[in-house]
Structure formats: structure tokens, C-alpha cells
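Examining the three-dimensional arrangement
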Amino acid sequence: MLSIKKCQGLELPFFDNTVDLYRRACSIFSSQSELLQIWDFSGQTSQFVMNEIINLPNISSGKPGKETLLELHVHGFFVTTTESNKRLAELSRTENSLGKSQVKTNGSSDNLSLMLTDRSPSGSGYRGIGLLSLTGLQNLGNTCFMNSAIQCLVHTPQLVDYFLGDYQKDINYENPLGMNGELALAFGELLRKLWAPGAVPVAPRMFKCKLAKFAPQFSGYNQHDSQEFLAFLLDGLHEDLNRVKCKPYIEAKDAEGCPDEEVADEYWRNHLARNDSIIVDVCQGQYRSTLVCPVCKKVSVTFDPFMYLTLPLPSTTMRTMTLTVFSTDGIMLPTPFTIAVPKCGRLKDLIDTLSVACSLRNDETLLAAEIYKNQIVRLLDEPSDSLALIRDDDKLVAYRLPKVSETYPLVVFSHQQVERPYTFGVVASNWKPFGVPLVARIQDLSSGSEIHDQFLKLLSPFLMPVEDLVNGYDGNETGNTVNEYSKMEDIVSPLVSDSDVGSDGGAENDFCLNSDFKFYLINKMGPVEIKMNKPVSISRFTKKFDVSVHWSDKMMEKYDTCLLSSLPEVFKPQLFTRRPQESISLNKCLEGFLQEEPLGPDDMWYCPRCKKPRQANKKLDLWRLPEILVIHLKRFSYSRFFKNKLETFVDFPIHDLNLSHYISHIDSQLSNCYQLYAISNHYGGMGGGHYTAFVDHGHGRWFEFDDEKVFPVSEDRIKSSAAYVLFYRRVQEA
């Protein structure tokens, strides 16, 4: 509703119809010299000028075609000056104005522009001197993150209407969670300055001062995350403007067995009973959260409000892991495989993916283990274990074992080689671990020779080629095939006699030079040598035992121990390498957000049936959508040692974001279609970079807000890999 005043201050009654109001004003104020001044209390002045083509009666006493000049006056912030009158007069004559609308007066059409195109001295762009909100914000020192988010909010239609009205009546000075109304007042004052016609770039010092007072993390002049600032600002505005002065205590009821529609409505009523503000009215929706216990299958369903959606990008939902697969068939060499698994997945996901990658047969199974200092420090044999427990610098192996042997005891062979350091001119021998342990399941432990034979079978792929082992063997060019095969046979079967292996009297150096291997059973009492012709003394209930294998110098030469010792890390980040730009649709991001996934180890759910914390499966579903949908693209990821920004290009719709396929509860009275109207962009890398904003000023006219500068930008340029926070408004379905 508009109130039209003459410059002297006469006031007209209110009219519901804008056209009738304008006609009434023109019939009363027909003076040639005075301006008609429009005071807009609804924030819709731009719609009045841009959308209405008004056929006015020929009521002016001036000459035909006389121009009637309108000055748009928002809440008294604009003060008429000679300079502003000159600017307004120039509007109708500016040929290169960025946006024009027509108002017919006295039978002639005159163009009325909504923005001045006053170029900056450098010629680099347009200064923010727009009549309606095309006003920049000065950078106070790394405050581009704040400027970007604010420009998106001050161009949100419902918030503009609200803060240009009497919003102060809603300020809750008694809310202990609020900020005494100071944040809301500072934001409201800033919004009004930005919407004042003819305004110059605004320095948001007072707003930043209030922000730092209540959020010390944003004090100073360091760069911050625009989404984190936006989340704090929306929450702070809600608490400052919460119409509920005394929040009632509401006890949660057991809703098991009740229809989801009833439970969701009750949750929403309870939420509104404690939270009622313009932010809730406009920005908050509701999703359904379903938790399922992996043990007892208990299902828990809750309905929670949300202010924005944080959508993971595909690169953040998956991680690559490298494991080395060891065969126990005595044929294949160890092979590394790099696979992609869910970042919050479980060990079962890893085993399933690795099984496909290594072409695991139906009669085989995989046993994963973590290797540290040439020892197995952990068997990864619990399918529900979280992959988040595996670090990038860990070293993992997977052993291919036959399924039929799962009931047999697991034997772990670790390797020892002799080390002879020189100390004060004396050679001292000691044993040092090396290589990756080998494993096998052995059914018959009637004698130590079974362990010996199984170990040699595991080692057979590591045998060095004959030509590298037989010193001085040249042979003639025709060669003696029979003799060569005989020598190979001697190498492949480096067995020693039982008397040699079982002898206790030989010196250690004699073993290192002349024997092959010695085997020691590791138990709590210490290592016990395993005799080849005697049974191994272990309990029949033992499921796993360790055997330490001492290698002689002779065996160290016969086998390729480099292959046995080479083991890559789970993930080794490649520094200074630029990966090709990825591309994904916004729909894929939504699907990733809504897919079921296990909770992390630090976010366990207490199962009321098991009475224990459980790593439950969690599934989110959209239930109630807000008028303004804010979508945060999760571009930044953090680990213990690295920070990373994903430059993934997200192809998001501008005019037709339809969420009907993603919402679980359909309300026939509400549209599920949205149109993009603002974007917060981030350019550059982690810990720095620069923020800007794209804003739709109506009718597909996009502008870029780069701190104090405002540029027109074509719609086909607003999609980029810099898009960080997207702002959508609900529109009617076509």
C-alpha cells in the first residue's frame, strides 16, 4: 500500500489499487513545477514502476507530452538535493541506462530508468549509485565474506519488505539467546541504507562492530567463511526478532506407530511454539531423520527444522584408498589396487569394492590388515568398523584366502634378517624385521615341516629369475635345456635336511651362510624354535598364532625382498598438481545429501533398545520446504594435515529447480518449484581468496556486487565453479 505526498506534505488516503492511486494523485496534484513524491512502505516500488503500464488521463495543464517526474522515496532516507534532481532528470535522457520502464503521461511515452550508469574514473565498472538497492558495500579489510552474504540477504524480497516496515515492534529484548535486539537493529539500518535511492557505497562499520561484539570469531580483519557468517546472522536475527517472549517447555512424546504426517505436524507446532520470527516464516523448513540400529534394527524417526541445506559435492562424499592384495596360492605377486569408497562408509564397503577390483573368486575371501613397522598391528575383520578410523598415511594389505579354510588357524609369518653393524671395530650380529608379513591357514600341524612348506609356497612368486642367481653360468648359445631346468629346480626347492635344521650346535653365522630359514613360534613366554620333524605345540582352540622367520643370507639373495617390502600408503596427496575440473549437477548433490549413510565414530547414536551407543545408519528426507531455500555447497574439506577446496563445477538450475522428486511429503497447496535470485561466490584457495555476489534485480537482470562496485552481468555468466551459497525463492509451478 502506498501513501503519496506532495512536496509540501499533503497526504492522500490509502488505496488498494496502485493504478487508481496514481491516477488520483495526478488529478489532485496537477502543478507543472512540483514533483510527485512516492513513499514506498512495502518494498515493492520497483514492481510499481517496472511492471505497470499506466494509461493516465490527460489532466496536466502543461504542454502535451510534458514529462511527469517521479522521485522514489523509501522511508524518508532520501533527501532531495540539487544533485539528486539532476540525476533524476538525466534518467529519461540516458540512452545506455541498464534498466528502463515506461510510464505514459498525457498520451506520450517517456522512459523512466531505475539506475544511473555513472562510470568510475578508472572505467573498470559501475559505481553503486542505483536508485533501488544497486548499492555496494565498502571493504573494511577482508570483509568481502560479509559483504557477499549481506548483499544476498538484502535482496531477499520478504526480508526487504519486513525491514523496510515496522520491524522494531518484533524485537525481543528479553530473549537470553538473543543480542538485545542490537544485531537486528544494525542489520535493519544497513538494509535501509542500501535501499535508499541514489545512495553511494556504504561502509558497514556499525554493523561489523555489533557483529564482533556478539561473535568474537568475526572480530578483526581476517578472512572468514561467508556461509558460517550467514548461519550466525540468520540465527542471530531469529533470536532478536523472536515473537515468543516466554518459551514453553514441551515434553517429547513417544510417536512410535503414529503416521509420519501427524508426527511431523506435531513437531512443527512444537517448534513454532518456541520459535516464531520472520526468519522462521521465510527461511526454515523441516526434514525427516531416520536412524536404524545396525544390531537390533530399532528405527527412530524425528522431524527437525533446517535453515539451509549443506550439500556434499561428490568429491567430498568419497575417498580413494590404496591397498596391496597378497595371494596365498603361491602364483601371483602382490598387486596394489586404488579404489573409491564412501568417506563415512564401513569396512564392508571397502571389502566389497576391493573384491570387485581384484576379481575375487566365489571360493575366496579377503582379510584386510594394517601394517606398521613390518608387523600386523590390526586385523580389519569387523564389517561394521568405520573407514574414518583409517588414516591416509596408514599402510593396508588384503590377503586372498580360500573360504574352505576359514575354520583353520591363521598363521602370520613375519620376517627377520640379520644385521651386522660395526661397533668399535667389532662386527655384532642382530636380527631386524623387514617386509610385509604373509599369512595362511594351515589344517595339518602334525610337524613343523607343514609350516615350512606353506611358507615356501607363499614365497614362490618372489623368486629371483635364474639368470640373476646362477653366478658364472653362461652356457653356450644353444644351451643345455635339461641342465638349466635342473638348476631352476634346485632353486625353487631350497629345502635343507631335518638334521641341519634341527641341529642346536651350529653357530649363528653358519646358519646365515649355509641354511635357508629358521622358524620360531611367538608366545607369551618368548620365541620357541619350531622343529621340522616334531609337531607344533599349540592348542587346538587357537585361532591365530605368529611365526617369526629368520632368513639366511643365501635366501635373501634368492628372493626379491624389494617386492616383499614395497607397500604404498592408503592415500598420498599429490602436491603442486592440478586435477582436471570436475562437473556435477545440483541434483546429484541433492541425491548425495539424501542417501543413507552410517554415522561417524564420533557421532554415535544411543540405541534405546540396546542401551548402548551404536553407529547407526542415518537417512534424511525433505519434508517441508521454506519460502526461501538456501543451499550451501560444501566446497571446503579439512583433515589433520591438509585443507582443501573443491573447484567442482556445479550445474545448478536458474529458473526451474523442481524439488517434487526429492520431497517425501507433498502439500498440494504449496509449490515445490524455485527460482534462483542470488549467489555468494568464492574465488581462490583456502584461507584467503575473495567473495562476491550475483543478484537478480528483476526480469533476469543480473548484477555482480564486488564490494563497493556493482557491475551488470549476463545470466549465462553466473554459473561458475566459484558458486558457494545459492539463494532460491519459491515460485508457482508453470
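Our structure's up above, just so we're on the same page.
Here goes a summary of the coordinates provided. Note that the structure is predicted; figures quoted are calculated from it, not measured. (Residues numbered from 1 in each chain as written. Predicted model: local features only at pLDDT ≥ 70, side-chain atom pairs only at ≥ 80, totals over all residues. Heavy atoms only, no water.)

Quick word on the packing of aromatic side chains
Let me state the cut-off plainly: Two rings from Phe, Tyr or Trp (for Trp, the six-membered ring) form a pair when their centres sit within 6.5 Å of each other. Planes less than 30 degrees apart are called stacked, planes more than 60 degrees apart edge-to-face, and all others tilted. Numbering of helices and strands runs from the N terminus; a helix is a DSSP stretch of H or I covering at least four residues, while a strand is a stretch of E covering at least two. Between buried and exposed lies partly exposed: a residue is buried under 20% and exposed over 50% of the maximum accessible area for its type, with that area taken using a 1.4 Å probe on protein chains only. Charge-over-ring contacts are defined here by two conditions on Lys NZ or Arg CZ: a distance within 6 Å of the ring centre and an angle within 35 degrees of the ring normal.
Inspection of the entire model under this criterion finds 26 aromatic pairs. Between Phe455 and Phe517, the aromatic rings sit 5.2 Å apart at their centres with planes inclined by 85 degrees, giving edge-to-face as the arrangement. In this pair, Phe455 is assigned in helix 13 (residues 448-459) and Phe517 in strand 19 (residues 517-523), connecting sequence segments 62 residues apart. Across the pair, Phe517 and Phe455 agree in class, each one buried. Pairing Phe517 with Trp551 gives two aromatic rings, centres 5.0 Å apart and planes at 85 degrees, and the pair type is edge-to-face. With Phe517 in strand 19 and Trp551 in strand 21 (residues 544-551), this residue pair connects regions lying 34 residues apart in the sequence. Classification of Trp551 as buried rests on a relative accessible area of 1%. A cation over an aromatic ring shows up here: Lys719 above the ring of Phe652, its NZ or CZ 6.0 Å from the ring centre.

Things to note about the pattern of salt bridges
So the rule is basically this: The term salt bridge refers to a side-chain nitrogen of Lys or Arg lying within 4 Å of a carboxyl oxygen of Asp or Glu.
Following the criterion strictly, the structure yields 23 salt bridges and no others. Its salt-bridge partner being Asp260, residue Arg288 comes within 2.8 Å of it at the nearest N-O pair. In this pair, Arg288 sits in strand 7 (residues 285-292) while Asp260 sits in helix 9 (residues 260-274), placing the two residues 28 residues apart along the sequence. Residue classification places Arg288 among the buried positions, given a relative accessible area of 16%. By relative accessible area, which is 25% here, Asp260 ends up partly exposed. Across the pair Asp363 and Arg361 runs a salt bridge whose closest N-O atoms are separated by 3.2 Å. Asp363 sits in the partly exposed class, given a relative accessible area of 45%.

Remarks on the packing of helix 4 (residues 144-153) against helix 8 (residues 226-240)
Defined as follows: Convention adopted: a line fitted to C-alpha atoms gives each axis, helices being fitted over their contacting stretch, and angles between N-to-C directions are expressed from 0 to 180 degrees. Orientation categories follow fixed angle ranges, with anything under 35 degrees roughly parallel, anything over 145 roughly antiparallel, 65 to 115 roughly perpendicular, and all other angles oblique. With the far helix as reference, a near helix turned anticlockwise by less than a right angle produces a left-handed crossing, and one turned clockwise produces a right-handed crossing. Between two residues, a contact is recorded if the distance between any of their heavy atoms is within 4.5 Å. By the convention adopted, Pro, Cys, Tyr, Trp, Phe, Met, Ile, Leu, Val and Ala count as nonpolar, Lys, Arg, Asp and Glu as charged, and the other residues, Gly among them, as polar.
Viewed as axis vectors pointing N to C, helix 4 and helix 8 meet at an angle of 50 degrees, and their least axial separation amounts to 9 Å. Classed by the angle they form, the pair helix 4 and helix 8 counts as oblique. When you trace helix 4 past helix 8, the crossing you get is right-handed. On helix 8, the residues that touch Phe145, Met146, Ala149, Ile150 and Leu153 of helix 4 are Ser226, Phe229, Leu230, Leu233 and Leu234. Looking at the contact of helix 4 with helix 8 residue by residue, the classes come out as 9 nonpolar, 1 polar and no charged.

Observations regarding the environment of Met307
Of note, Met307 is situated in the loop between strand 8 (299-306) and strand 9 (309-312). Assessed through its relative accessible area of 13%, Met307 is described here as buried. Between the alpha carbons of Met307 and Ile628 there is a distance of 9.4 Å; along the sequence they are 321 residues apart. Ignoring sequence-local partners within four residues, the contact set of Met307 consists of Leu234, Asp235, Ile279, Cys283, Gln284 and Val630.

Looking at the packing of helix 6 (residues 182-194) against helix 8
At a minimum axis distance of 8 Å, the contact between helix 6 and helix 8 shows a crossing angle of 110 degrees. Comparing the axis directions of helix 6 and helix 8 gives the class roughly perpendicular. Crossing of helix 6 over helix 8 shows left-handed handedness. Residues Glu182, Leu183, Ala184 and Phe187 of helix 6 touch helix 8, and the partners they reach there are Phe232, Leu233, Gly236, Leu237 and Asp240. Among the residues forming the contact of helix 6 with helix 8, the class breakdown is 6 nonpolar, 1 polar and 2 charged.

Considerations on the sheet that holds strand 14 (residues 395-402)
Using the following cut-off: Only strands that DSSP links by at least two bridges are regarded as paired with each other.
The strand order across the open sheet built from 5 strands is 11-10-14-12-13, with neighbouring strands paired in mixed fashion. The open sheet terminates on both sides in strands that have one partner only, identified here as strand 11 (335-342) and strand 13 (375-380). Going from strand to strand, the sheet's axes swing by 40 degrees on average, the running direction of each strand aside. Both strand 10 (residues 318-327) and strand 14 contribute to a ladder of 4 bridges, which runs parallel. Its bridge partner being in strand 14, Val325 is matched across the sheet by Ala398.

A few points about the state of the cysteines
Here is the rule we go by: Pairs of cysteine sulfur atoms within 2.5 Å are what we label disulfides.
Within this structure, the stated rule accounts for 0 disulfides. Summary of cysteine pairing: Cys293 is not part of a disulfide, and the nearest cysteine sulfur, belonging to Cys296, is at 3.6 Å. According to the relative accessible area criterion, Cys293 is buried, its value standing at 0%. For Cys610, which is in no disulfide, the shortest distance to another cysteine sulfur is to Cys296 and amounts to 3.4 Å. Relative accessible area serves as the criterion here: at 18%, Cys610 is assigned to the buried category.

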